[in-house]
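These are the residues of each chain, in order.
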Amino acid sequence: MKKECEFFRDKLLDYSMDELDADIVEKVKAHLEICPDCWKIVDDYKKINSITVNVLKVDFSDDIWEMERKEIIRRVTQKIDLKKEIIRILKILFTVKRVLTAAVVTILLVTCITFGGIQYKKNQELNKEKIIIENIGLLENLEILERLDFYKKLGEKRTNL
Ligand SMILES: [Zn+2]
């Protein structure tokens, strides 16, 4: 790694999610134009971000929904900055060993593809139900909170290894 890259590496994830302050963004942009290595990292982060968003959209099964229901209702009263939470989890994932990171990414990809297929079938067969679910934006947000917890636990496990 080039010496100047050290300054930028811990800022690239925030940059990929538009979470950096404007003055630093310009510095990062300038660096990315001359540094293919850092550019590649940002590109990877963006891919992972979009995968994570897709996974987060997957519906829970009804029994899990019932199980978590009370906890979910409790949590909705707590205002959680979802974007910051995702960034925090991604940071945990990306600070672990590369092999583990690759494993996590693979799991995310497989999960995404698997649930994407299921979701497609559901869309076909249960179109009415889907429309109802989509209309209840609040419930979707609650589900996202639950999934964030899953990734948080995942991240904590990795960190403890
Ligand atoms: Zn660099």
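Residues numbered from 1 in each chain as written. Predicted model: local features only at pLDDT ≥ 70, side-chain atom pairs only at ≥ 80, totals over all residues. Heavy atoms only, no water.

Trainee: Can you walk me through the overall build of the protein in this structure?
Mentor: Looking only at helices and strands, the protein has nine helices and zero strands in total. Ordered by position from the N terminus, the helices and strands of the protein form the series α-α-α-α-α-α-α-α-α. Expressed as a percentage of its 161 residues, the buried residues of the protein come to 34%. Counting contacts in the protein only where the partners sit at least 6 residues apart, residues at least 24 apart contribute 79% of the total. Working note: accessible area of the protein is about 11,000 Å², and carbon and sulfur atoms make up 59% of it. (Helix = DSSP H or I, 4+ residues; strand = E, 2+ residues; numbered from the N terminus. Buried < 20%, exposed > 50% of the residue type's maximum accessible area, 1.4 Å probe, protein only. Contact = heavy atoms within 4.5 Å. Areas by Shrake-Rupley, 256 points an atom, 1.4 Å probe, with all protein chains shown as cover.)

Trainee: Sorry if this is basic, but what is going on with the packing of aromatic side chains here?
Mentor: For any pair of aromatic rings, the description consists of the separation of the ring centres together with the inter-plane angle of the planes. In the structure shown here, the tally under the stated rule is one aromatic pair. Looking at Lys-11, its charged tip hangs above the ring of Phe-7, at a distance of 4.1 Å from the centre. (Phe/Tyr/Trp six-rings, centres within 6.5 Å; stacked < 30°, edge-to-face > 60°. Lys NZ or Arg CZ within 6 Å of the ring centre and 35° of its normal.)

Trainee: Help me understand the environment of Leu-13, please; the structure alone is not making it clear to me.
Mentor: Note that Leu-13 resides in helix 2 (residues 12-16). Between the alpha carbons of Leu-13 and Tyr-45 there is a distance of 6.3 Å; along the sequence they are 32 residues apart. Setting aside residues up to four positions removed in sequence, Leu-13 forms contacts with Tyr-45, Asn-49, Ile-87, Leu-90 and Lys-91.

Trainee: For this particular structure, what's the right way to read the coordination of the zinc ion?
Mentor: For a metal bound by four donors in a tetrahedral arrangement, the ideal donor-metal-donor angle is 109.5 degrees, while six donors in an octahedral arrangement ideally sit at 90 or 180 degrees. Looking at the zinc ion, one finds its protein donor set to be Cys-5 (SG), His-31 (NE2), Cys-35 (SG) and Cys-38 (SG), positioned 2.0 to 2.3 Å from the metal centre. Coordination at the zinc ion is tetrahedral, judged from the four donor atoms that bind it and the angles of 101 to 116 degrees they form at the metal. Read in sequence order, the donor residues coordinating the zinc ion give the pattern C-x25-H-x3-C-x2-C. Taken together, the residues span a long stretch of sequence, with Cys-5 in helix 1 (residues 3-9) and Cys-35 in the loop between helix 3 (22-34) and helix 4 (36-56) at a distance of 30 residues. Taking the relative accessible area as the measure of exposure, Cys-35 reaches 1% and is therefore buried. (Donors = N, O, S within 2.8 Å, 3.2 Å for Na, K, Ca; no water. Tetrahedral: all angles 85-135°; square planar, octahedral: opposite > 155°, others 65-115°.)

Trainee: What am I meant to see in unusual backbone geometry here?
Mentor: Most peptide bonds adopt trans geometry, and most residues besides glycine take a negative phi value. Despite not being glycine, Asp-18 has its phi angle at roughly 55 degrees, a positive value. Tracing the sequence through the fold places Asp-18 in the loop between helix 2 and helix 3.

Trainee: I keep staring at the pattern of salt bridges and nothing clicks. Help me out?
Mentor: A side chain with one charge can pair with a side chain of the opposite charge if their charged atoms come near. By the definition in use, this model includes three salt bridges. Across the pair Lys-40 and Asp-44 runs a salt bridge, and its minimum N-O distance is 2.9 Å. Here Lys-40 pairs with Asp-44, and both are found in helix 4, just four residues apart, close to one helical turn. Given a relative accessible area of 42%, Lys-40 falls into the partly exposed group. Judged by relative accessible area, which is 29%, Asp-44 ranks as partly exposed. Among the salt bridges present, the one from Lys-47 reaches Asp-43, with a minimum N-O distance of 3.1 Å. Residue Lys-47 and its partner Asp-43 are located together in helix 4, separated by four residues, close to a single helical turn. Residue classification places Asp-43 among the partly exposed residues on the basis of a relative accessible area of 22%. (Salt bridge = Lys/Arg side-chain N within 4 Å of Asp/Glu carboxyl O.)

Trainee: It is not clear to me how the nonpolar core should be interpreted in this structure. Could you clarify?
Mentor: Leu-12, Tyr-15, Val-28, Leu-32, Cys-38 and Leu-90 are the most contacted members of the largest nonpolar core, which totals 25 residues. For this core, the leading source of residues is helix 4, giving five residues. If sequence neighbours within four positions are ignored, Leu-12 has contacts with Val-28, Leu-32, Cys-38, Ile-41, Val-42 and Tyr-45. (Core = buried A, V, L, I, M, F, W, Y, C linked by side-chain atoms within 4.5 Å.)

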